[in-house]
Amino acid sequence: MTTKNTRSDLLTQLKDGIARLTSSEAWCDYLAFQSRFHHYSYGNALLIAAQCPAATHVAVFTTWRKLQRSVRKGEKAIWILAPMVGKRSANDDPDAGQFVRGFKYVAVFDIGQTVGEVPPAVCTKLSGDDPSRFYVRFVEVARCFGFGVADYAFGDATNGDCNVSEHYIRVEARNSPAQRIKTLVHELAHALLHERVTDRPLAELEAESTAYIVCRAIGMDTGDYSFGYVASWAGGGETAIANIKSSCGRIQKAASIILRSFDAEQVLAA
């Protein structure tokens with residue numbers, strides 16, 4: 001069982017890893033790729049989520065072509081609203097500039113609907129087996145929390161999800177055993193911390209930070225995945241580190257609860 005000081009040391013290692021990543025060339029390439037996508041309004045974000053809940057990066061057909069990717073034949077478009085901008089006439093106030101004269105529907109597609117050049121990434125999926133049957137033991141931990149766990153084949157890049165209201169967790173069945181362990185712990189953190197999510201980036205930072213601590217405590221180093229995941233959701237090294245500091249109490253508490261349950265399950269299984 002890890003102590004509070006040990007978990008604090010692991011948080012420090014997480015922050016150091018993020019700092020190194022976000023000063024690297026790989027991070028610069030990742031940001032350059034991200035900059036090609038527009039940040040959509042709250043209304044359009046809802047439209048995207050309603051039509052494609054797993055969407056992560058959406059763009060129009062021509063943008064994907066510029067990024068050396070093409071939309072797969074038969075993919076269904078995601079429709080959003082784009083403003084139609086008009087120009088003022090000569091009789092109007094010359095300082096008034098342009099104005100929005102209405103909206104039109106525009107078709108966009110998620111990256112999961114495209115194929116082509118592999119985009120820059122800062123998260124490397126974990127490889128490795130599960131000789132100690134950690135996954136099965138964490139499934140039992142989930143049951144202690146009142147959550148069922150099911151294998152699932154997602155149709156995109158999703159590794160797992162957690163439905164707090166229905167009390168179930170799904171984990172991508174085709175990933176490596178090591179990645180599945182990390183994903184299950186991440187979703188367990190959501191189950192403990194995020195009954196209601198009002199700040200998705202912060203929720204993802206807290207869940208992945210918890211997963212990093214728990215996995216390190218049982219001898220798994222998830223840094224290749226966790227550093228990039230936390231940094232990409234938090235928006236950069238300094239912001240991520242600041243948010244980890246502000247959430248450290250919640251992160252450590254969730255990690256402690258999961259590890260206590262994990263150790264208790266190990267004793268029962270002995």
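Please read these numbers as outputs of a predicted model, since none were measured by experiment. (Residues numbered from 1 in each chain as written. Predicted model: local features only at pLDDT ≥ 70, side-chain atom pairs only at ≥ 80, totals over all residues. Heavy atoms only, no water.)

Draft legend 1. View of the overall build of the protein. Summing up its helical and strand segments, the protein has nine helices and eight strands in all. Dimensions of the protein along its principal axes, counting C-alpha atoms only, are 85 × 40 × 35 Å. Counting across all 270 residues of the protein, residues that qualify as buried make up 43%. Sequence separation of at least 24 residues holds for 68% of the intrachain contacts in the protein that already meet a minimum separation of 6. Taken as a whole, the protein presents about 15,000 Å² of accessible surface, with 52% of it coming from carbon and sulfur. (Helix = DSSP H or I, 4+ residues; strand = E, 2+ residues; numbered from the N terminus. Buried < 20%, exposed > 50% of the residue type's maximum accessible area, 1.4 Å probe, protein only. Contact = heavy atoms within 4.5 Å. Areas by Shrake-Rupley, 256 points an atom, 1.4 Å probe, with all protein chains shown as cover.)

Draft legend 2. Layout of the sheet that holds strand 8 (residues 168-172). Judged by pairing direction, the sheet is mixed, and its three strands sit side by side in the order 6-8-7 without closing on themselves. In the strand order of this sheet, the two ends are held by strand 6 (148-152) and strand 7 (160-163), each with one partner. Going across the sheet, the axis of each strand differs from the next one's by a mean of 15 degrees, ignoring polarity. Examined bridge by bridge, strand 7 and strand 8 share four bridges and lie antiparallel to one another. Along strand 8, the bridge assignment pairs Asn163 with Tyr168. This element, helix 6 (residues 177-193), spans strand 6, strand 7 and strand 8 of the sheet and lies at about 155 degrees to strand 8. (Pairing = 2+ DSSP bridges. Axes fitted to C-alpha atoms, helices over the stretch in contact; angles between N-to-C directions.)

Draft legend 3. Representation of the pattern of salt bridges within the structure. Under the counting rule described, the total for this entry stands at eight salt bridges. With a closest N to O distance of 2.5 Å, Asp161 and Arg170 form a salt bridge. (Salt bridge = Lys/Arg side-chain N within 4 Å of Asp/Glu carboxyl O.)

Draft legend 4. Summary view of the pairing of strand 4 (residues 99-110). Judged from the two bridges that link them, strand 1 (residues 58-59) and strand 4 form a sheet pairing that is antiparallel. Across the sheet, the residue bridging to Val58 is Asp110, located in strand 4. The sheet contact formed by strand 3 (residues 78-86) and strand 4 spans nine bridges and is antiparallel. Across the sheet, residue Val85 finds its bridge partner in strand 4, namely Val100.

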